[in-house]
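Topology and contacts: notes
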Amino acid sequence: MKKVITGNQAAAHAARLARPDVVAVYPITPQTSVSEMMAEFVARGLLKARLIRVESEHSVMAALIGASMTGARTFTATSSHGLALMHELLHWAAGARLPIVMVNVNRAMGTPWTIWCDHLDSLSQRDTGWMQFYCESSQEALDTVLQAYKLAEKVNLPAMVNLDGFYLSHTVEPVDIPEQDLVDAFLPTRIPLYRLDISDPHSFGALTSPEHYYELRYKAQKQMEQVKQIIKTVNAEFSRIFGRSWPPVEAIETQDAEIIIVTMATAVGTCRWTIRRLRQQGLRVGLVKLKMFRPFPGEDLLEAIPEGPRVLVLDRNLSLGLGGIIQQELKNIFYSAGRRNQIFSAIAGLGGRDITPEQIELAVKQSRQDMYAAGQINWLGGKI
Amino acid sequence: MKRRVYTNQQEMPEVAISESGSEWNLTGTWSTVVPVHQNKNAPCRIDCPVGVDIPVYLDLIKQKKYLKAFKIVKQTNPMPAITGRVCYHPCEDGCNRKILDQPLAIHSLERFIGDWGLENVTTRKLKADPEKGKIAVVGSGPAGISCAYHLIKKGYPVTVFEKESQAGGMLRFGIPEYRLPERVLDRELKSIFDLGIELRLNCQVGKDITWEELANFAAVFIASGAYRSRKMNLPGENLDQVKPALEFLIEANLGRKFDLTGQKVLVLGRGNTALDAARTALRFGAEVSILSRSGREEMIATPEEIQMAVEEGVQILELVDVAGFEWIDPNQIRVNCIRLQREVNRSGQIKYSSLADSQFSLTGNLVLVAKGQDADLQILPQNLTKDSSSLEVDQWGRTSQEKFYAGGDLALSNKTVAYALGSGRKAALAIEAYLKKMDAQALEENILITKETDLNLDYFAKTPRETESLLDPQVRKVGFREVNLGMSQESILKEVARCFSCGTCNSCDNCFTFCPDLATYKNNHQYRVVTEYCKGCGICVQECPRDAIELMVKFGEEL
Amino acid sequence: MNTSEVEFMEAPFHPGHLACAGCAERIGHKLALKALGPKTILVVPACCSTVIDGIFPHTASKVPLMHTAFETTAAAASGVKAALVASGKTDITVLGWAGDGGTFDIGFQALSAAAERNEDFIYVCYDNEAYMNTGIQRSSATPYGAWTTTTPLGQTKDLPKKDIVEIMAAHRIPYVTTVSPAFPQDLQNKFRRAKKISGFRFIHLLSPCPTGWKFGSDLSIKLGRLAVETNIFPLYEVEKGEIYRINYRPKGLPVEAYLSEQGRFKHLKPEEMAYIQECVDKNWHQLLLKEKNSQQSEVLEKSNRE
């Protein structure tokens with residue numbers, strides 16, 4: 001059923017449809033309405049779940065780990081400092097190979113306090129072992145949450161679905177909310193790989209000596225690598241049932257491009273509009289939407305970006321002392337593959353500053369003119 | 001079971017999930033010490049001359065397993081109903097409970113189980129094997145009966161020769177009815193002789209039958225007793241009015257009634273014979289005084305006897321010595337006395353010396369002298385009494401002559417029923433060793449004793465000792481009814497609960513409850529340390545209330 | 001009881017675990033599990049118990065055991081219980097088993113929150129009065145005057161022990177109690193009682209530690225007893241934060257009897273000893289008053305209802 005709703009509402013509906021058994025909630029701007037809706041669903045009987053109103057995000061994740069380990073399907077939502085507070089437990093959940101699904105509404109990190117959007121909160125967690133997805137639209141947000149459950153429970157790794165704070169979380173769009181029976185067909189009851197079971201008692205997560213830790217990590221890495229293929233299977237199945245497809249990497253007018261923009265989340269939407277305008281001006285500009293950030297879909301990116309064109313990576317994040325995170329990951333892939341594409345790094349939209357078509361146009365032109373050497377940061381839209 | 005180390009990631013699960021338990025890890029290798037469940041001796045058991053396993057039978061009474069308790073007592077003591085009435089209970093003096101409140105009333109508890117046995121247990125005749133060797137026992141007092149009892153239980157045929165017309169020795173002739181009723185004595189003796197011991201009454205060895213005629217016996221245990229009253233060698237001792245107290249007692253116990261109404265009887269002595277004679281005279285109507293050389297606290301007689309005598313109206317004159325007797329008239333006699341003073345020397349010994357110018361005299365109608373008894377060595381075979389002043393025996397009752405053993409009042413300086421019983425038992429063990437040609441050293445027993453400092457008193461609360469009921473003094477002094485009525489069933493069960501069970505495991509489960517390493521294995525009422533896992537922390541040793549576990553150092557352990 | 005339950009009652013965990021010799025935590029754990037039975041799921045944060053349980057792929061536990069991060073016991077246990085209820089399994093006891101560090105300090109937030117939500121599980125804090133697993137550092141459970149590596153001689157702990165029982169009682173949860181392994185009957189009765197109650201139950205278990213308190217490994221139970229007999233660790237229960245019940249009237253031995261056996265108090269001066277005695281006496285007196293008041297208000301309530 002089509003409704004005009006916000007990104008948060010779309011994510012909440014997806015979570016409801018997935019039928020989690022245990023939901024833990026804690027408020028933080030701009031995710032709070034997701035948590036509120038979950039509470040509403042449970043109170044109105046629309047969702048039969050145990051809702052735990054914990055006292056901090058750290059306890060949110062602890063409670064979900066406990067619940068997931070007992071065999072439950074779980075859900076929560078957070079942002080920024082809440083996500084950061086969970087950091088040690090994000091590692092824990094991944095090491096425990098638990099298919100927890102969490103919506104993260106991207107919000108920049110303090111100090112100073114900010115409530116507005118950038119991607120450092122989730123990207124800071126890139127080493128924790130969580131799969132990460134970024135959404136351009138509210139529909140995509142809803143669909144990605146559903147796909148995330150399917151994928152997570154298949155590969156036994158936790159999944160983070162990211163929505164841009166305010167741009168996506170609070171703006172309204174028409175969204176098709178699927179029927180419960182379709183979702184049930186796509187997402188049957190979870191069958192846990194392991195669980196706390198009194199009829200088959202084991203200890204979980206015991207002290208592990210150097211003799212074994214290495215191989216457990218190896219196994220998780222191997223599984224992560226397979227995700228790059230498995231996501232496509234999941235997406236294909238989703239597409240068959242729901243009629244929509246969200247590939248991990250989407251290439252837009254890249255084949256003849258002389259310069260290709262690579263970016264994530266709502267900035268993609270702005271870029272789609274901008275490259276059409278630039279093409280009208282005669283510039284052959286292409287766009288690659290990076291949806292799945294972890295595992296980093298290197299093969300798909302190499303396929304989407306031909307050998308010739310320059311690449312302009314638009315990072316809505318800044319790793320102090322490094323620069324943009326996506327550009328770093330991309331360069332890793334390209335160097336390992338022996339590619340000679342010139343890669344330019346632009347940083348925009350930090351702390352919720354709008355990324356405008358004008359900024360994108362300027363960056364494209366500057367890249368064409370080699371105004372910034374590869375390795376230098378193009379500070380887009382900054383008062384520098 | 002061994003520790004699992006995976007050799008390839010393919011063998012491994014996806015997460016750190018346990019595969020099996022920790023039993024492969026033998027934490028016993030951590031320790032250099034190990035607790036060993038080992039019973040030790042309680043001081044009561046060591047102090048009991050008979051060797052009764054007191055903590056064990058008290059625990060059985062606690063569990064109301066009276067038959068088992070009775071059997072434990074009868075393993076060493078053939079006559080608990082008797083000793084439970086007449087023994088001077090050195091066990092109670094050694095009882096560790098006294099450091100918390102009062103010692104256990106073991107004496108009363110033994111009487112209880114002895115009486116229970118008489119009521120509920122019938123004796124079966126045992127099969128004796130003449131091939132093993134026939135044993136002769138001379139004298140049917142406690143020593144002789146004890147020896148006969150232990151030997152018949154081992155399968156040796158025994159014949160007891162008794163010079164009197166009834167068995168029992170001092171039990172019958174020396175101890176009054178109100179202390180040991182004849183019906184109790186007869187029943188107890190019957191239960192012993194019913195085992196198949198042959199009893200030949202009116203047969204004195206050395207007179208009615210010669211020592212040589214005993215040559216057919218494989219061994220001879222002589223327990224002919226000591227009933228010759230010692231003389232004081234004082235002027236006037238041979239006067240009619242001065243009698244040996246034992247003679248008086250024997251006549252009374254044989255049934256002779258004395259009418260001593262209004263008579264003043266003076267008893268000289270400080271042991272049980274003096275007390276028995278005094279209380280017997282009282283019951284015949286006399287006004288009785290006991291003259292004791294020592295202070296009242298140092299009198300040898302058991303404190304309760306003295307207490308009961310005083311309640312009945314016997315006067316105790318302490319620190320009085322007698323110099324001589326003078327005839328006044330056919331009924332009266334003067335006893336010349338002198339006061340003594342008590343001195344305690346530096347090593348704590350008490351000495352008595354005459355107080356100068358303290359002579360006084362007392363008038364009485366009858367004087368009973370109870371200054372101890374000696375054995376009549378004349379009746380013994382010549383070769384045994386070369387010195388003729390005493391009969392030498394070792395701790396097992398062995399004499400200088402092979403095949404001849406002796407015990408009881410005849411051979412021991414401690415002339416008590418308990419020691420007599422003990423000597424009979426030891427002689428039986430020695431006789432068996434001799435007949436089996438075994439080394440008597442094999443008879444030595446484990447002598448680890450539990451001292452009060454070995455106990456953990458945290459598990460015991462102060463509880464007063466239960467009391468027995470006695471007949472009212474005014475009631476009991478008229479006649480010879482048994483004075484001590486014993487303890488009620490309720491009191492018995494309360495009293496046994498006070499026993500610490502020193503050195504003897506009574507399955508309190510502390511070691512099992514408190515072991516952090518599941519290294520105490522419990523099966524039925526036995527405990528064993530699982531040395532594979534025991535880390536040697538020692539908690540079980542510390543928390544054992546009764547010192548039944550010992551922490552020992554491991555030697556030459558393979559790690 | 002079927003055979004596996006019988007076996008569980010004999011040995012509720014495997015031998016071969018890694019506890020120090022004389023560890024009272026194991027004694028408490030054994031008694032507790034015997035009282036609760038095998039339908040129990042353990043949630044254990046970083047603490048001695050983590051290491052005691054052994055190294056992957058082995059475990060000393062015979063019940064499912066979830067290892068969880070240090071400060072998360074109460075939150076993780078909440079999650080486990082929620083999942084059990086969601087799947088209809090309402091007869092399984094969830095047992096949080098945490099040390100004093102993970103309860104009084106780093107885990108306090110989650111503990112208080114779970115208590116406020118009246119989460120339905122049993123939280124046991126086994127209290128060895130310091131961060132023993134990391135080598136004897138002070139926690140807010142360390143008593144006044146104690147030596148630890150972070151309160152060394154010259155700067156021994158000069159603050160009192162946090163009164164966790166009163167704090168938990170103030171949450172008005174159904175059941176709060178103290179237990180000592182030296183009183184095994186009392187301990188097991190309380191666990192059995194706790195098992196039957198719904199809602200948040202907090203049990204404070206004193207766990208004398210030979211390694212950290214510096215005493216011979218054979219004295220753990222003796223000290224567990226002396227702590228109670230000296231009124232330092234009274235055995236009592238609080239229901240709904242209102243009804244106080246003292247379970248055992250101690251002998252009231254002087255605190256010296258308990259403190260003098262431990263190396264961590266060896267340096268105490270007479271005035272410090274006297275101060276400790278004063279504090280213990282005051283606390284005991286206040287506890288007696290609380291019991292008396294709650295008995296009076298019970299009587300009042302009863303008469304109001306009639």
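Everything numeric in this text was worked out from a predicted model, so none of it was measured.

Definitions and limits used
Residues numbered from 1 in each chain as written. Chains lettered and ligands numbered in written order. Predicted model: local features only at pLDDT ≥ 70, side-chain atom pairs only at ≥ 80, totals over all residues. Heavy atoms only, no water. Contact = heavy atoms within 4.5 Å. Buried area = accessible area lost by both parts, 1.4 Å probe. Salt bridge = Lys/Arg side-chain N within 4 Å of Asp/Glu carboxyl O. Polar contact = N/O pair within 3.5 Å; in protein donor to acceptor, adjacent residues only side chain to side chain. Helix = DSSP H or I, 4+ residues; strand = E, 2+ residues; numbered from the N terminus. Pairing = 2+ DSSP bridges. Axes fitted to C-alpha atoms, helices over the stretch in contact; angles between N-to-C directions. Domains from an automatic or database assignment. Expected span 1.5 Å × (residues − 1). Phe/Tyr/Trp six-rings, centres within 6.5 Å; stacked < 30°, edge-to-face > 60°. Buried < 20%, exposed > 50% of the residue type's maximum accessible area, 1.4 Å probe, protein only. Lys NZ or Arg CZ within 6 Å of the ring centre and 35° of its normal. Parallel < 35°, antiparallel > 145°, perpendicular 65-115°, else oblique. Left-handed = near helix turned anticlockwise from the far one by under 90°. Nonpolar A, V, L, I, M, F, W, Y, C, P; charged D, E, K, R; others polar. Core = buried A, V, L, I, M, F, W, Y, C linked by side-chain atoms within 4.5 Å. Disulfide = S-S within 2.5 Å.

As for the interface of chain A and chain C
With 36 residues of chain A at the interface, the matching set in chain C holds 39 residues. Taking both sides of the interface into account, the surface hidden between chain A and chain C amounts to around 2,700 Å²; carbon and sulfur atoms contribute 71%. On the chain A side of the contact with chain C, Glu 55, Ile 198 and Leu 207 of chain A bury the most area, a combined 22% of that side's loss. Linking chain A with chain C are one salt bridge, by the criterion used here. Residue Arg 117 of chain C pairs with Glu 55 of chain A through a salt bridge whose shortest N-O separation is 3.7 Å. Connecting chain A to chain C are eight residue pairs in polar contact (both at pLDDT 80 or more). Among the elements of the structure, strand S3 (50-53), helix H3 (57-69), helix H5 (87-95) and strand S9 (203-204) of chain A are those that each provide at least two residues to the side of chain A that touches chain C. Examining the composition of the side of chain A that touches chain C, we find that eight residues originate from one element, H3 of chain A, more than from any other.

Focus: the sheet that holds strand S3 (residues 135-138) of chain B
Residue and element names in this part refer to chain B. The strand order S5-S4-S3-S6-S17 describes an open sheet built from five strands, whose pairing is parallel. Each edge of the open sheet is held by one strand with a lone partner, namely strand S5 (198-200) and strand S17 (404-406). Ignoring which end each strand starts from, the neighbouring axes of this sheet average 20° apart. Judged from the three bridges that link them, strand S6 (residues 219-222) and S17 form a sheet pairing that is parallel. Bridge assignment links Ile 222 to a residue of S17, and that residue is Ala 406. Sitting on the sheet, helix H7 (residues 142-153) is in contact with S3, strand S4 (158-161) and S6, with an inclination near 170° to S4.

Here we look at the sheet that holds strand S5 (residues 101-106) of chain A
Residues and elements named next belong to chain A. If you walk across this open sheet you meet the seven strands as S3-S2-S4-S5-S7-S6-S13, and the pairing is mixed. Unpaired on one side and paired on the other, S3 and strand S13 (292-294) mark the two borders of the sheet. Each strand axis lies, on average, 20° off the axis of its neighbour in the sheet, ignoring direction. Bridge analysis of S5 against strand S7 (residues 159-164) gives six bridges, and the strand direction is parallel.

A few points about the domain arrangement of chain A
Residue and element names in this part refer to chain A. Under the domain assignment, chain A is made up of domain 1 (2-242) and domain 2 (249-379). Distance between the C-alpha centres of domain 1 and domain 2: 27 Å. Between domain 1 and domain 2, the residue contacts involve 26 residues of the former and 31 residues of the latter. Buried surface at the junction of domain 1 and domain 2, both sides included, amounts to about 2,400 Å², of which 55% is carbon and sulfur. Among the residues of domain 1 in contact with domain 2, Arg 126, Glu 136 and Tyr 167 are the three that bury the most area, contributing 30% of the side total. Counting across the domain 1 and domain 2 interface gives seven salt bridges. For Glu 136, the salt bridge goes to Arg 272, with nearest N and O atoms at 2.7 Å.

Let's talk about helix H8 (residues 184-196) of chain C
Helix length check: H8 of chain C (13 residues) gives 19 Å between terminal C-alpha atoms against 18 Å at 1.5 Å per residue, within 8%. Looking at the packing, one finds that the buried side of H8 of chain C touches helix H16 (510-514) of chain B together with helix H2 (24-36), strand S5 (122-127), strand S6 (175-179), strand S7 (201-206) and strand S8 (236-239) of chain C.

Quick look at the packing of aromatic side chains
The geometry of an aromatic ring pair is captured by two quantities: the separation of the ring centres and the angle between the planes. The final tally for this structure, using the stated rule, is 27 aromatic pairs over all chains. Their ring planes at 35° and their centres at 5.9 Å tell us that Tyr 6 of chain B and Phe 56 of chain C sit as a pair that is tilted. Of this pair, Tyr 6 of chain B sits in the segment before strand S1 (20-21) while Phe 56 of chain C sits in the loop between helix H3 (48-52) and strand S2 (58-59), each in a different chain. One exposure class covers both Tyr 6 of chain B and Phe 56 of chain C, and it is buried. The structure contains a cluster of three or more aromatic residues connected by ring pairs, namely Tyr 178, Phe 248, Phe 258, Phe 284 and Phe 480 of chain B. Of note, Lys 132 of chain B hangs over the ring of Tyr 156 of chain B, and the distance from its end group to the ring centre comes to 4.8 Å. Positioned above the aromatic ring of Tyr 178 of chain B, the side-chain terminus of Arg 283 of chain B is 3.9 Å from the ring centre.

Looking at the packing of helix H11 (residues 272-283) of chain B against helix H12 (residues 303-312) of chain B
Residues and elements named next belong to chain B. The geometry of H11 relative to H12 is characterised by a closest axis approach of 10 Å and an angle of 25° between their N-to-C directions. The orientation of H11 with respect to H12, classified from their angle, is roughly parallel. By crossing handedness, the relation of H11 to H12 is classed as left-handed. Judged by residue contacts, Asn 272, Leu 275, Asp 276, Arg 279, Leu 282 and Arg 283 of H11 engage Glu 305, Ile 306, Met 308, Ala 309 and Glu 312 from H12. For the contact of H11 with H12, the residue count by class is five nonpolar, one polar and five charged.

Focus on the pattern of salt bridges
Residue and element names in this part refer to chain B. Inspection of the entire model under this criterion finds 84 salt bridges over all chains. A salt bridge links Arg 498 to Glu 495; the nearest nitrogen and oxygen atoms lie 2.7 Å apart. With relative accessibility at 0%, the residue Glu 495 sits in the buried group. Three or more residues joined by partner-sharing salt bridges are found here, namely Arg 179, Asp 276, Arg 279, Arg 283, Glu 305, Glu 311, Glu 312 and Arg 476.

Notes on the packing of helix H2 (residues 54-62) of chain B against helix H15 (residues 489-496) of chain B
All names here are of chain B. Here H2 crosses H15 at 130°, and the two axes come no closer than 9 Å. Overall, the two elements H2 and H15 adopt an arrangement that is oblique. Both H2 and H15 take part in a crossing whose hand is left-handed. Of the residues in H15, those in contact with Leu 58, Ile 61 and Lys 62 of H2 are Ile 492, Leu 493 and Val 496.

Some thoughts on the interface of chain C and chain B
Many authors give the size of an interface as the accessible area that is lost as the parts come together. Between chain C and chain B, the residue contacts involve 34 residues of the former and 36 residues of the latter. Summed over both partners, the interface of chain C with chain B buries about 2,800 Å², with 60% contributed by carbon and sulfur atoms. The interface formed by chain C and chain B includes two salt bridges. Two residues, Arg 225 of chain C and Asp 458 of chain B, come together in a salt bridge whose shortest N-O distance is 2.7 Å.

Considerations on the environment of Phe 166 of chain A
All names here are of chain A. Within the secondary structure, Phe 166 is located in the loop between S7 and strand S8 (172-176). Along the backbone, Phe 166 and Pro 30 are 136 residues apart, and their C-alpha atoms lie at a distance of 6.8 Å. Contacts of Phe 166, omitting those with residues within four sequence positions, involve Thr 29, Pro 30, Ile 115, Trp 116 and Thr 171.

Notes on the nonpolar core
Counting residues in each nonpolar core, the largest one holds 75 residues, and the members touching the most others are Ile 54, Tyr 57, Leu 58, Ile 61, Ile 113, Val 158 and Phe 221 of chain B. Counting residues per element, this core draws most heavily on helix H13 (residues 417-435) of chain B, at nine residues. Discounting residues that sit within four places of it in the chain, Leu 58 of chain B has contacts with Leu 104, Leu 109, Val 496 and Cys 499 of chain B. Core analysis: the second largest hydrophobic core is formed by 67 residues, Ala 67 and Ala 96 of chain A together with Ala 74 and Ala 82 of chain C among them.

So, the environment of Glu 88 of chain A
Structurally, the position occupied by Glu 88 of chain A is in helix H5. The exposure class assigned to Glu 88 of chain A is partly exposed, which follows from its relative accessible area of 33%. A C-alpha to C-alpha distance of 9.9 Å links Glu 88 of chain A and Gln 125 of chain A, two positions 37 residues apart in sequence. When neighbours within four sequence positions are excluded, Glu 88 of chain A is seen to be in contact with His 58 of chain A together with Ala 69 and Glu 71 of chain C.

Section: the state of the cysteines
This structure, assessed with the given rule, holds zero disulfides over all chains. This cysteine, Cys 135 of chain A, is not joined by any disulfide, and Cys 117 of chain A carries the nearest cysteine sulfur, 12 Å off. The thiol of Cys 48 of chain C is not disulfide-bonded; the next cysteine sulfur, from Cys 209 of chain C, is found 6.5 Å away.

Here we look at the side chain of His 58 of chain A
Tracing the backbone through its elements, the reader meets His 58 of chain A in helix H3. According to the relative accessible area criterion, His 58 of chain A is buried, its value standing at 8%. In contact with His 58 of chain A, other than residues within four places in its own chain, are Leu 85, Met 86, Glu 88 and Leu 89 of chain A together with Glu 71 and Thr 72 of chain C.

With respect to unusual backbone geometry
Residue and element names in this part refer to chain A. In this chain, Thr 29 is followed by Pro 30 through a cis amide linkage whose omega measures 0°. Examined against the element boundaries, Pro 30 turns out to sit in the loop between strand S2 (22-25) and helix H2 (32-43). In this structure, Pro 112 follows Thr 111 across a cis peptide bond, with omega equal to -5°. Looking at the element boundaries, Pro 112 is found in the loop between S5 and helix H6 (120-123).

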